[in-house]
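One letter stands for each residue in the lines below.
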Amino acid sequence: SCTLYGTCNEEIGRCDCPKNRTGDDCTDVATRTQLSGRCGKMLYPSIKECTTSELSCLNACTKRGKCVSGWCHCKPGHYGADCSLSTGPDGKPALLAGSGYVTRQKRPWVYIYELPPHLTVCHSLMDLGRSPCQRFVTGTSKTHGVPGGMVCRRTQYDLGRCPRIWLLPNKDTWPSCGRKRDWYSAGIRQKVLASHWNRTGYHVVRSEPKYGTFLAQSVFCLAPPGAGHGQRQIQALFMGCVPVTIADSVSEPFEPAVSWEQWGVRVAEADIPRMHDILAAITPEQLRAKQAQMHCAAQHMLYSSMTGAVLGEDGRYDAFESTLEVLRVRRAHPAAPQADFRRLDPDFDAFMDCRDPSGFKRQSGLPGDGAGPQGSESEEAEAEAEVRGPQDAAAALAAGEEGDEGGVVLAGSDPESLAEGGAGEGEEGDDDEGEEDGAEEGGSGGPPPPPGAVVQPHPPLCSHSALDMRRHERACYYLLRGSGYMGVPGGAMCAKGYRYKLAQCPRLWA
């Protein structure tokens, strides 16, 4: 009787119930007191929103169930967070049975436990400020074992001495805390503002409505922590701006397996007053060396295979694949320090340099592997540079943006261009001239690809680039729209005709 109102997890014999039902077989209707406590723990502001909100479901329930307010009510015989599992002839869980799905050979394979829905999909993701979850997508063969689950995290570090985001820094006093909330920003923004707010050549403000434009026009960009680790260092990186990180004893993404010193600058909190001297001491040669690493480094920090391309990348070196690579080398060298991974594993070293490792096999037949579009668009497509620069990334970052609160530092920028609003906001002729220059140089600025890098003419991912905004067959605006808060089934890799054919979704590695 479980399947009448719930989903039967046949592997462990558990009946997963929707939010408004309870009991061993989900036949009991939850009382108002039970609902109030349950919905509160799942961060819903009211019982009504908890039980009736139109949340989308993971992988659209793979067409094997009905989406009910973010939870999949699977058809009898199917189970899992996205209904992708069933029991095979051998009595073991089978993934996307009958669809021709085969787990990819590239390791590692990741086993994902099927947790109860109140720990995963039933939460009010809209009220968390940012999504806490990164999905292991079943359709792109990135999992093994019991897939369809979600890896969730929301880290809140005790970094702080100053308050939450709506209390802006004060240049007159530091720290300017005001309220008794000590976890936001660690007081770093306040100290930077107090030390550098009127320094020539710097743009240091409490809030910047044109945040993306200033990132695109600057050489160095402040990347302080926020409500936890923060992600501004990643934004600066893909915008072509050298990230200046300030967070003592906090590792950056993928450290120590990689070193952010290759493309960024780390400043100790005690050195904030002399930060301008530290940046001024960087030679032009050192700066060019950092910038040469940024195009590749940015790919490792973006979940491109799930959210779409920003820099013309195809996703094979994205954050998901990079995470799996770190796990692969850890399994191969369990006792080795992560700082030695590149020396110990040539394939890992090549991967982190965005070179195809000799031990890996790329999947053939990806969309875009051919000679390019046919017909009237062919010459135009060949003429365009597919390596995206900061102006295109700025369009993706700044679209609908309300600005970054709490202060931002951008150093070494051109004061005149910043005063005029930066590229993309001037005369139409200036924009055209900038595009022509970018095409001649093989890009439009920002983090350049490493010398000799091969850029695919038409990557399989949809694109957030401003150059592709009017291309229905490329623009993420068209290909990802209408997919709800959980995104396109299978992620951006599956957006071009495979969102309901996950077993046939293109793979980056065989």
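About the thresholds
- Residues numbered from 1 in each chain as written.
- Predicted model: local features only at pLDDT ≥ 70, side-chain atom pairs only at ≥ 80, totals over all residues.
- Heavy atoms only, no water.
- Helix = DSSP H or I, 4+ residues; strand = E, 2+ residues; numbered from the N terminus.
- Buried < 20%, exposed > 50% of the residue type's maximum accessible area, 1.4 Å probe, protein only.
- Areas by Shrake-Rupley, 256 points an atom, 1.4 Å probe, with all protein chains shown as cover.
- Phe/Tyr/Trp six-rings, centres within 6.5 Å; stacked < 30°, edge-to-face > 60°.
- Lys NZ or Arg CZ within 6 Å of the ring centre and 35° of its normal.
- Expected span 1.5 Å × (residues − 1).
- Bend = angle between axes of the 7 residues up to and from the residue.
- Contact = heavy atoms within 4.5 Å.
- Disulfide = S-S within 2.5 Å.
- Lys, Arg positive; Asp, Glu negative; His and termini not counted.
- Salt bridge = Lys/Arg side-chain N within 4 Å of Asp/Glu carboxyl O.
- Core = buried A, V, L, I, M, F, W, Y, C linked by side-chain atoms within 4.5 Å.
- UniProt positions renumbered as here; feature names shortened; annotations may be inferred.
- Patch = residues over 30% accessible without salt bridge, like charges linked within 9 Å, V, L, I, M, F, W, Y side chains within 5 Å.
- Pairing = 2+ DSSP bridges.
- Right-handed = clockwise from strand over helix to strand, strands pointing away.
- pLDDT = per-residue confidence, 0-100.

1. Focus on the overall build of the protein
(1) Moving on: In terms of regular secondary structure, the protein is built from 17 helices and 15 strands.
(2) Moving on: Relative to its 510 residues, the protein shows a buried fraction of 50%.
(3) Moving on: Accessible surface, the protein as shown: approximately 24000 Å² in total, 50% of it carbon and sulfur.

2. Here we look at the packing of aromatic side chains
(1) Moving on: Going through the model one piece at a time under the given rule, you end up with 7 aromatic pairs.
(2) Moving on: Geometrically, the ring pair formed by Tyr-317 and Phe-351 is edge-to-face, given 5.2 Å between the ring centres and 70° between the ring planes. Of this pair, Tyr-317 sits in the loop between α9 (304-307) and α10 (319-332) while Phe-351 sits in helix α12 (residues 346-352), and the two are 34 residues apart along the sequence. For the pair Tyr-317 and Phe-351, a shared accessibility class is recorded, and that class is buried.
(3) Moving on: Three or more aromatic residues joined by ring pairs make a cluster, and in this case those are Tyr-317, Phe-351, Phe-360 and Trp-509.
(4) Moving on: Note that Arg-21 overlies the ring of Tyr-5, its terminal NZ or CZ placed 3.6 Å from the centroid.
(5) Moving on: If you follow Lys-106 out to its NZ or CZ, it ends over the ring of Phe-360, 4.5 Å from the centre.

3. Some points on helix α8 (residues 284-301)
At 3.6 residues per turn, the α-helix brings residues three or four places apart onto the same side.
(1) Moving on: End to end, α8 covers 25 Å across 18 residues, agreeing with the expected 26 Å (1.5 Å per residue, within 8%).
(2) Moving on: Within α8, the axis deviates most sharply at Met-294, by approximately 40°.
(3) Moving on: Taken together, the buried positions of α8 are Leu-287, Lys-290, Met-294, His-295, Cys-296, Ala-297, Ala-298, Gln-299, His-300 and Met-301.
(4) Moving on: Each element contacted by the buried residues of α8 is listed here: β12 (220-223), α6 (232-238), β13 (242-245), β14 (265-266), α10 and α12.

4. A look at the state of the cysteines
(1) Moving on: Summed over the entire model, instances satisfying the criterion amount to 10 disulfides.
(2) Moving on: What pairs with Cys-61 in a disulfide is Cys-72, and their sulfur atoms sit 2.1 Å apart. In this structure the cystine formed by Cys-61 and Cys-72 twists about its S-S bond by roughly -95°; its chirality is therefore left-handed. One end of the pair, Cys-61, is in the loop between α3 (47-52) and β5 (65-68); the other, Cys-72, is in strand β6 (residues 71-74), with 11 residues separating them in the sequence.
(3) Moving on: Considering cysteine sulfurs only, Cys-2 is the nearest to Cys-8, which forms no disulfide, with 4.9 Å between them.

5. Considerations on the side chain of Glu-252
(1) Moving on: Inspection of the secondary structure puts Glu-252 in the loop between β13 and β14.
(2) Moving on: The charged side chain of Glu-252 is buried without a salt bridge, its nearest counter-charge being Arg-266 at 4.4 Å.
(3) Moving on: Contact partners of Glu-252, with chain neighbours within four places excluded, come to His-229, Gln-233, Thr-245, Trp-260 and Arg-266.

6. Looking at the nonpolar core
(1) Moving on: Judged by nonpolar contacts, the single largest core of 72 residues is most densely connected at Phe-220, Leu-237, Phe-238, Ile-246, Trp-263, Val-265 and Leu-279.
(2) Moving on: Look past the residues within four positions of Trp-263 in its chain and what remains in contact with it is Leu-237, Val-242, Pro-243, Val-258, Lys-290, Gln-293, Met-294, Ala-297 and Met-301.
(3) Moving on: Residues Ala-30, Tyr-44, Cys-50 and Leu-55 belong to the second largest nonpolar core, which totals 8 residues.

7. Description of the UniProt feature "domain: EGF-like" (unreviewed entry) in the protein
(1) Moving on: The UniProt feature table records "domain: EGF-like" (unreviewed entry) at residues 15-26.
(2) Moving on: Along residues 15-26, the helical share is 0% and the strand share 33%, with 7 Å between the first and last C-alpha atoms.

8. Focus on the pattern of salt bridges
(1) Moving on: Evaluation of the coordinates by the stated rule reveals 21 salt bridges.
(2) Moving on: Via salt bridges that share partners, Lys-106, Glu-325, Arg-328 and Asp-345 belong to a single interconnected network.

9. Structural notes on a nonpolar patch on the surface
(1) Moving on: A surface patch of nonpolar side chains, about 450 Å² in accessible area, is lined by Tyr-111, Tyr-113, Leu-115 and Leu-119.
(2) Moving on: As for its position among the elements, Tyr-111 is in the loop between β8 (93-95) and β9 (133-135).
(3) Moving on: Assessed through its relative accessible area of 45%, Tyr-111 is described here as partly exposed.

10. Remarks on the environment of Met-493
(1) Moving on: Relative to the elements of secondary structure, Met-493 occurs in the segment after α17 (476-479).
(2) Moving on: Sequence-wise, Met-493 and Pro-460 are 33 residues apart; in three dimensions their C-alpha atoms are separated by 6.9 Å.

11. Notes on the environment of Gln-105
(1) Moving on: Along the chain, Gln-105 falls in the loop between β8 and β9.
(2) Moving on: For Gln-105 and Phe-360, which are 255 residues apart along the polypeptide, the C-alpha to C-alpha distance reads 9.9 Å.

12. Regarding the pairing of β13
(1) Moving on: The alternating pattern of β13 places Val-242 and Val-244 and Pro-243 and Thr-245 on opposite faces, both of which are buried.
(2) Moving on: Strand direction decides the pairing type here: β12 and β13, joined by 4 bridges, are parallel. Within the sheet, the bridge partner assigned to Leu-222 lies in β13 and is Val-244.
(3) Moving on: In the classification by handedness, the crossover that spans β12, the intervening α6 and the parallel β13 is right-handed.
(4) Moving on: Two strands pair when backbone bridges link them, and β13 and β14 are joined in this way by 2 bridges, in the parallel orientation. Each bridged residue has a counterpart across the sheet, and for Val-244 the counterpart in β14 is Val-265.

13. Observations regarding unusual backbone geometry
(1) Moving on: The amide bond that connects Arg-107 to the next residue, Pro-108, takes the cis arrangement and shows omega of 5°.
(2) Moving on: Relative to the assigned elements, Pro-108 resides in the loop between β8 and β9.
(3) Moving on: Across the junction of Glu-255 and Pro-256, the peptide omega takes the value 5°, indicating a cis bond.
(4) Moving on: Position of Pro-256 among the secondary structure elements: in the loop between β13 and β14.
(5) Moving on: Phi angles above zero are rare outside glycine, and Cys-83 is one such case at about 65°.

14. Some points on the confidence of the model for the protein
A low pLDDT means the predicted coordinates there should not be read in detail.
(1) Moving on: On average, residues of the protein score 75 in pLDDT, and 68% of them reach the 70 mark or higher.
(2) Moving on: Segment residues 398-402: pLDDT under 50, and 5 contacts once partners within four positions in sequence are set aside and those in other chains are kept.
(3) Moving on: Predicted confidence for residues 413-446 stays below pLDDT 50, and this span has 38 contacts to residues more than four positions away or in other chains.

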